[in-house]
Every structure is written in structure tokens, then in C-alpha cells.
Amino acid sequence: MATFFDYYKKQIRPRIEQADVFLKTASEPYPAEQIASVFGLCNTNLQPLWTKEQLICQLQNSSEGLWQMFQKELRCGLPCVYTADQISYIYDIALEVVEQAAERTGLTHCPKSLLPLLFDAIELNQTQYSL
């Protein structure tokens, strides 16, 4: 049975890692084509060149799913330890589903490093996501 962790590994983590590498290695200003490709933003709405500050502002206002998760995590204060409420809010998973996973794993207050264990306790069919 597929879990939310499977989805996270295939759909979320690679995009975060790609964005991280880009931000650490690319030189400013960033061409719009690179921004669109790496961050999944619509190229038609982008100015030709971007600074890191402009890019972060754009991501904070994006309607793209991954960047909405980023926005929600920022609103939660980039927690080091997550509550079920925060996980439910950030990843748009029903609170009851997250609470059940937290109970099964004993992770009612889940450190960021243990999110994979919690995600692995959430069956993918209990979420809106699919592989």
C-alpha cells in the first residue's frame, strides 16, 4: 500500500532538492526560463531577470501546490517540531488522518527529522494525492 511518504519522496522532495541546489549554485540575476523550469512557475508572468529576493516573494504568492505548502510552513514559523494541526494544514491532509498516524507512531509532537516516519503511517488513499 502506497503511503504519503512514497508521494513525498517522488513528488515533493525532488522538487525541493532541485530548488535548493539552484538557489545555492546559480548566480543572480536568474533568467525567467530557469525560474519557470526549476520552480514550476508560469513563464508568461515572469519578468526576464530575477533576484533571489524577487523569487522568494513570487514563491510566497504562488498558487502552485508545492509553493502553497511552502507558504503555509512559513505561516507556521518554520517549525522544528510539528503538531498534527500544523502537518494537516501544511500538507492539506485531514486532521483526523494525521492524528491517527501520530498516535500509531507515538509522534504527537513530530521533529522535522521524523516526518518521514509519520508520513509513512499515512496511507496515500486517505489523502487527496496520488502517484
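A short tour of the structure in this document, coming up.

### Here's the deal with the packing of helix H1 (residues 4-25) against helix H4 (residues 65-75)
Here's step 1: At a minimum axis distance of 11 Å, the contact between H1 and H4 shows a crossing angle of 75°. Overall, the two elements H1 and H4 adopt an arrangement that is roughly perpendicular. Residue-level contacts link Ile 12, Arg 15, Ile 16 and Ala 19 of H1 to Leu 66, Trp 67 and Met 69 of H4.
Here's step 2: Across the contact of H1 with H4, the residue classes tally to 6 nonpolar, no polar and 1 charged.

### Details of H1
At 3.6 residues per turn, the α-helix brings residues three or four places apart onto the same side.
Here's step 1: For H1, spanning 22 residues, the distance from its first C-alpha to its last is 30 Å, which sits close to the expected 32 Å at 1.5 Å a residue.
Here's step 2: Where H1 bends most, the angle comes to about 40°, and this point is Ile 12, followed within four residues by the proline Pro 14.
Here's step 3: Within H1, the full set of buried residues consists of Phe 4, Phe 5, Asp 6, Tyr 7, Tyr 8, Ile 12, Ala 19 and Phe 22.
Here's step 4: Those residues of H1 that are buried are in contact with strand S1 (30-31), helix H2 (32-39), H4, helix H5 (84-91) and helix H7 (115-120).

### Some thoughts on unusual backbone geometry
Excluding glycine, residues mostly carry a negative phi; peptide bonds, for their part, are mostly trans.
Here's step 1: Along the chain, Glu 28 connects to Pro 29 via a cis peptide bond; the corresponding omega equals -5°.
Here's step 2: At Leu 78, a residue that is not glycine, the phi angle is positive and equals roughly 50°.
Here's step 3: Position of Leu 78 among the secondary structure elements: in the loop between H4 and strand S3 (81-83).
Here's step 4: According to the relative accessible area criterion, Leu 78 is partly exposed, its value standing at 49%.

What counts as what
- Residues numbered from 1 in each chain as written.
- Predicted model: local features only at pLDDT ≥ 70, side-chain atom pairs only at ≥ 80, totals over all residues.
- Heavy atoms only, no water.
- Axes fitted to C-alpha atoms, helices over the stretch in contact; angles between N-to-C directions.
- Helix = DSSP H or I, 4+ residues; strand = E, 2+ residues; numbered from the N terminus.
- Parallel < 35°, antiparallel > 145°, perpendicular 65-115°, else oblique.
- Contact = heavy atoms within 4.5 Å.
- Nonpolar A, V, L, I, M, F, W, Y, C, P; charged D, E, K, R; others polar.
- Expected span 1.5 Å × (residues − 1).
- Bend = angle between axes of the 7 residues up to and from the residue.
- Buried < 20%, exposed > 50% of the residue type's maximum accessible area, 1.4 Å probe, protein only.

Bear in mind that shape data such as this cannot, by itself, settle questions of function.
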